[in-house]
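# A look at the structure
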Amino acid sequence: MTKKPIIGIVGKPQCDDIIWNKICISNEIKDALNKNGAIAIGIIPQSKIKERIEGKPFSYQNYYLNEESLNDLYQTIDMCDGIILEGGITICDYEQEIAKYCIKNNIPLLGICCGAINMCLATGGSISFDDYDYLKKNHFNLDNMEMHKVNINNDSKLFNLINKNNFIVNSIHKCKIDNPGEYSAKGYSDDNIIELIELDDTGFNIGVQWHPEFITNKPEQNLIFKKFIEHINKNIL
């Protein structure tokens, strides 16, 4: 029996529940991983919620992250061959701790939308809400799977993986990456919004501002997951 790589999807709080504070995993990301030959498991914080801060367009949840709870969280990450930080409307401190741990230990990491934002924040970067109304109109639509074009650099890792330097994507974000931190901006929309960030190392550490899990019918979008898994397979065999 062929051993499949295990990919951890970092859970996101779902704050609109009446009673329960649930942490959810994207079925679409799980399906994209399964489709391309990986096993998906959920990664959740190993501590209680410390505070919730409501905001626009994001809410924030902070957890009690002491040495013990962080070590427990890292132990769950070590069970995985790669990690995905998924999108959503809540930013959590544990997500940024996971990004830092992946960078430090060269664990393959893929960030999607808010996941890419957490990668930036984890490395000293920043986001901007200055163009909220513009972004809400031009970069946020739950139904349009062909929202705008993304242009990526020919020297980017993603170009090397998918062999395509521009394509049409969906878009579900109302803020923008202002400073990518330790990452390099390698792709932009036509209106100069950062859409692709990469860490300048030899590993797989890439963040995208769109949602490839919703458009895996597009060959280049499915390749993001396929090449992520292929990279992992090369390192665990």
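Now for a quick tour of the structure. For clarity, every value in this text was computed on a predicted model and none was experimentally measured. (Residues numbered from 1 in each chain as written. Predicted model: local features only at pLDDT ≥ 70, side-chain atom pairs only at ≥ 80, totals over all residues. Heavy atoms only, no water.)

## Describing the sheet that holds strand 4 (residues 39-43)
Applicable threshold: When DSSP finds two or more bridges between a pair of strands, those strands are recorded as paired. Segments assigned H or I by DSSP are reported as helices when at least four residues long, segments assigned E as strands when at least two residues long, and all are numbered from the N terminus. Axes here mean lines fitted to C-alpha atoms, for a helix over just the part in contact, with angles spanning 0 to 180 degrees between N-to-C directions. Contact criterion: two residues are considered in contact whenever any of their non-hydrogen atoms come within 4.5 Å of each other.
Taking strand neighbours across the sheet as the criterion, the nine strands line up as 4-1-7-9-18-17-16-12-13 in an open arrangement whose pairing is mixed. Edge strands, defined here as strands with exactly one partner in the open sheet, are strand 4 and strand 13 (166-169). Adjacent strand axes in the sheet meet at a mean angle of 25°, parallel and antiparallel pairs treated alike. Looking at chain direction, strand 16 (residues 184-189) and strand 17 (residues 194-198) are connected through four bridges and run antiparallel. Looking at the pairing, A185 lines up with I197 of strand 17. Running over the sheet, helix 3 (residues 93-104) touches strand 1 (6-10), strand 4, strand 7 (82-85), strand 9 (109-112) and strand 18 (205-208) and is turned about 145° from strand 7. In the packing of helix 4 (residues 114-122) onto the sheet, the strands contacted are strand 7, strand 9, strand 17 and strand 18, and the crossing angle to strand 9 comes to about 115°.

## Examining the side chain of T123
Short version of the rule: Partly exposed residues are those whose accessible area sits between 20% and 50% of the maximum for their type, while under 20% is buried and over 50% is exposed, using a 1.4 Å probe and protein chains only. The term polar contact refers here to a pair of N or O atoms within 3.5 Å; inside protein, the definition further demands a hydrogen-donor-capable atom paired with an acceptor-capable atom, and it admits residues adjacent in sequence only when both atoms are side-chain atoms.
Inspection of the secondary structure assignment puts T123 in the loop between helix 4 and strand 10 (126-128). Exposure remark for T123: the relative accessible area of 12% places this residue in the buried category. At 3.3 Å, the side chain of T123 and the backbone oxygen of M119 are in polar contact. Sequence-distant contacts of T123, that is, excluding residues within four places in its chain, are made with I103, P180, G181, E182 and Y183.

## Description of empty space enclosed by the protein
Condition: Each cavity reported here is a set of points on a 1 Å grid over the protein atoms alone in which a 1.4 Å probe fits but cannot get out, each pocket an open set with protein on both sides within 12 Å along at least five of seven lines, and each lining residue one with an atom within 4 Å of a point. Grid points are joined across faces, edges and corners, and a volume is the space filled by probe spheres set on the points. Following the grouping adopted for this structure description, the nonpolar residues are Ala, Val, Leu, Ile, Met, Phe, Trp, Tyr, Cys and Pro, the charged ones are Asp, Glu, Lys and Arg, and the polar ones are all others, Gly among them.
Under the criterion given, the structure shown has one cavity of 30 Å³ or more. Taken as a whole, the largest cavity spans an internal volume of roughly 40 Å³. Lining the largest cavity we find C102, I103, N106, I107, P108, L199, D201, G203, F204 and N205. Class assignment for the residues of the lining of the largest cavity results in six nonpolar, three polar and one charged.

Everything listed here is a matter of coordinates, which is why it stays silent on function.
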